[in-house]
Amino acid sequence: MLGRRSPQINFSDVDEWWKAIPKQSFWARIREWVSQHFCDEDFAAWYSPVGRPSIPPTYVLTLTLLQFREGWSDRQTVEELRFDDRVKYALGVSRSPEITCDHSTLCRCRARFLDKDLGRTLLRQTLADAQAAGLLGGAEDLVDSFAVAGAAARQGTLTLIRQAIKRVLAEMEDAGFQLPALGREDYASRKKSAIDWNDVAAREALLQELVADARMLSNQFQDRESLPTSLRQGLELLDMVTEQDTTTDDQGHATIAQQVAKERVISVVDTDMRHGRKSTSQKFDGYKAHVGSQNKGAFVTSVVVTGGNVADGDAAPAVLEDQQRNTGTLPEKLMGDTSYGGMLGTTGEKQGCSCQLRTQ
């Protein structure tokens, strides 16, 4: 159930330690901003009406904002909470607070914030305040991107197909379907297939078995519209990871394709992450965050996340659309580096703003 923060102080506060923290410091301003815009009751719909009281959501929200600003890990954040009076003041708690938070709780609450898209709410609230104060607007807006790591490790072709088969079998079992007899019997095992991985012939034989089993499962369900959503999605993923990396000759012999599919899935755990690059030498697996800003970067006005393989220029229209949703306006000019050259001057003009490139 919903927990609520209490302003109650105790004997550890008799020396009025909080007076040492400047009123214009970030720690004081973030405490004031959260108290003005949020209260614990705003999050009541997220919690059951009965049960053990949660950690107050405004407490975790403030702590998460501090964590992002300072770049702390979850464990570092908990350590700073324990020993730094500035953090305690920002949270509005006593020097010896009754509320405690460990790193796992912080991680779970942050996941809930992300699931509820609280970050977008915070962005729009901040921009609304900035507009009311006359702080938005300027000669030009900036747009740039940076790499964001995916949530899972990159997987090879054999692992992708095997894990996708395991997922489909699990979904079939949950839906009450009879499991078919497949060529391999080790899909229930969490270990890798027991072959000599240094033997090329053994890996090739494993590929033939995995592809045959994948296609047998796929062919069992010709009409997928009536299937449970999770099973249908599992079959679609199985088809994708099987066909994206393999080619089959006239004799039905499968081989690894000598090319990389543009939309190649690289993990069955995080299916949206993609191969990406920021330069000819800087490669990564995950996503790109495309950020629009005003007043020389003082205010972020839009954030769009794409797969790592999406070109910056292709994402620029979405950045403009997101800014219009967040602020109600479009920039007069949009400045980006040469990686945005594919759209600036064409799509940008259609969106109602002139666009320029800066070279770096």
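Look above for the structure.
To keep things clear, this report deals only with the structure shown in the data block. Residue numbers restart at each chain and count upward from 1, following the sequence in its written direction. Given that the model is predicted, a residue must reach a pLDDT of at least 70 before its local features are reported, and side-chain atom pairs must reach 80 or more before they are shown or counted; all residues, however, enter totals for whole chains, interfaces and linings. Calculation of side-chain values draws on the structure's entire complement of heavy atoms; hydrogens and water are dropped beforehand.

Glancing now at the overall build of the protein. A helix here means a DSSP run of H or I that spans at least four residues, while a strand means a run of E at least two residues long, and both kinds are numbered starting from the N terminus. A count of helical and extended segments in the protein gives eleven helices and eight strands. Relative to the globule expectation of 21 Å for 360 residues, the C-alpha radius of gyration of the protein, 26 Å, shows a markedly less compact shape. Overall, the C-alpha framework of the protein stretches about 80 × 55 × 40 Å when taken along its three principal axes. Relative accessibility decides the category of a residue: with a 1.4 Å probe and only protein chains considered, values under 20% of the type maximum give buried, values over 50% give exposed, and everything between is partly exposed. Expressed as a percentage of its 360 residues, the buried residues of the protein come to 41%. Only C-alpha atoms enter the radius of gyration, while the globule expectation follows 2.2 Å times N to the 0.38, with N the number of residues.

For the rest of this paragraph, the subject is the layout of surface pockets. As a volume, the largest pocket reaches approximately 1100 Å³. As for the largest pocket, its lining consists of 24 residues, of which Leu-65, Phe-68, Gly-119, Leu-122 and Leu-123 are closest to the centre. Contributions of two or more residues to the lining of the largest pocket are made by α1 (26-37), α2 (57-70), α5 (103-115), α6 (118-132) and β6 (299-307). Looking at the lining of the largest pocket element by element, the count peaks at seven residues for α6. Grouping the amino acids of the lining of the largest pocket by side-chain chemistry returns 16 nonpolar, three polar and five charged. A cavity, in this analysis, means grid points on a 1 Å lattice covering only the protein atoms where a 1.4 Å probe fits yet has no way out; a pocket is instead an open set bounded by protein on both sides within 12 Å along at least five of seven lines, and a residue lines either one if it has an atom within 4 Å of a point. Grid points are joined across faces, edges and corners, and a volume is the space filled by probe spheres set on the points. For this classification, Asp, Glu, Lys and Arg are treated as charged, while Ala, Val, Leu, Ile, Met, Phe, Trp, Tyr, Cys and Pro are nonpolar and the rest, including Gly, are polar.

Attention now goes to the packing of aromatic side chains. Planes of paired rings set the category: under 30 degrees apart is stacked, over 60 is edge-to-face and the rest tilted, where pairs are Phe, Tyr or Trp rings (Trp by its six-membered ring) whose centres lie within 6.5 Å. The final tally for this structure, using the stated rule, is eight aromatic pairs. In our convention, an over-ring charge means Lys NZ or Arg CZ found within 6 Å of a ring centre and within 35 degrees of that ring's normal. One Lys or Arg, Arg-31, reaches over the ring of Tyr-89 and ends 4.4 Å from the middle of that ring. Over the aromatic face of Trp-197 sits the side chain of Lys-192, whose NZ or CZ is 4.3 Å from the ring centroid.

The biggest cluster of nonpolar side chains holds 32 residues, and the ones touching the most others in it are Trp-27, Tyr-59, Leu-66, Val-87 and Leu-118. Of all the secondary structure elements, the ones that give two or more residues to this core are α1, α2, α4 (85-91), α5 and α6. Considering every element that reaches this core, the biggest residue donor is α1, with six residues. Contacts are assigned to residue pairs with any non-hydrogen atoms lying within 4.5 Å of each other. Not counting the four nearest positions on each side in its chain, Leu-118 is found in contact with Phe-38, Phe-43, Trp-46, Leu-61 and Phe-113. Grouped together as the second largest cluster of nonpolar side chains are 26 residues, Leu-158, Leu-182, Leu-238 and Val-241 included. The nonpolar core is taken to be a set of buried Ala, Val, Leu, Ile, Met, Phe, Trp, Tyr and Cys residues, with the residues joined through side-chain atoms within 4.5 Å.

Moving on: the packing of α1 against α2. The convention used is that axes are lines fitted to C-alpha atoms, helices contributing only their stretch in contact, and that angles between N-to-C directions extend from 0 to 180 degrees. Viewed as axis vectors pointing N to C, α1 and α2 meet at an angle of 140°, and their least axial separation amounts to 11 Å. Here α1 runs over α2; the crossing is right-handed. Where α1 abuts α2, its residues Phe-26, Trp-27, Ile-30 and Val-34 lie against Thr-58, Thr-62, Leu-65, Leu-66, Arg-69 and Glu-70. Handedness of a crossing follows from how the near helix is turned relative to the far one, being left-handed for an anticlockwise turn of less than a right angle and right-handed for a clockwise one.

Each salt bridge in this description consists of a side-chain nitrogen of Lys or Arg and a carboxyl oxygen of Asp or Glu lying within 4 Å of one another. As enumerated under the stated definition, the model contains 18 salt bridges in all. Arg-4 is the partner of Glu-41 in a salt bridge, and the nearest nitrogen-oxygen pair spans 2.5 Å. Note that Glu-41 is positioned in the loop between α1 and α2 and Arg-4 in the segment before α1, a separation of 37 residues in sequence. For Glu-41, a relative accessible area of 41% gives the class partly exposed. Ionic contacts of the salt-bridge type, sharing partners, join the residues Arg-162, Arg-184, Asp-186 and Glu-209 into one network.

Relative orientation of the contacting elements α2 and helix α3 (residues 74-83) amounts to 110°, with a least axis distance of 10 Å. Taken as axis vectors, α2 and α3 run roughly perpendicular relative to one another. Seen from above, α2 lies across α3 with right-handed handedness. Note on element contacts: α3 touches α2 through Asp-74, Thr-77 and Leu-81, opposite Tyr-59, Leu-63 and Gln-67. The scheme is simple: roughly parallel for angles under 35 degrees, roughly antiparallel for over 145, roughly perpendicular for 65 to 115, oblique for anything else.

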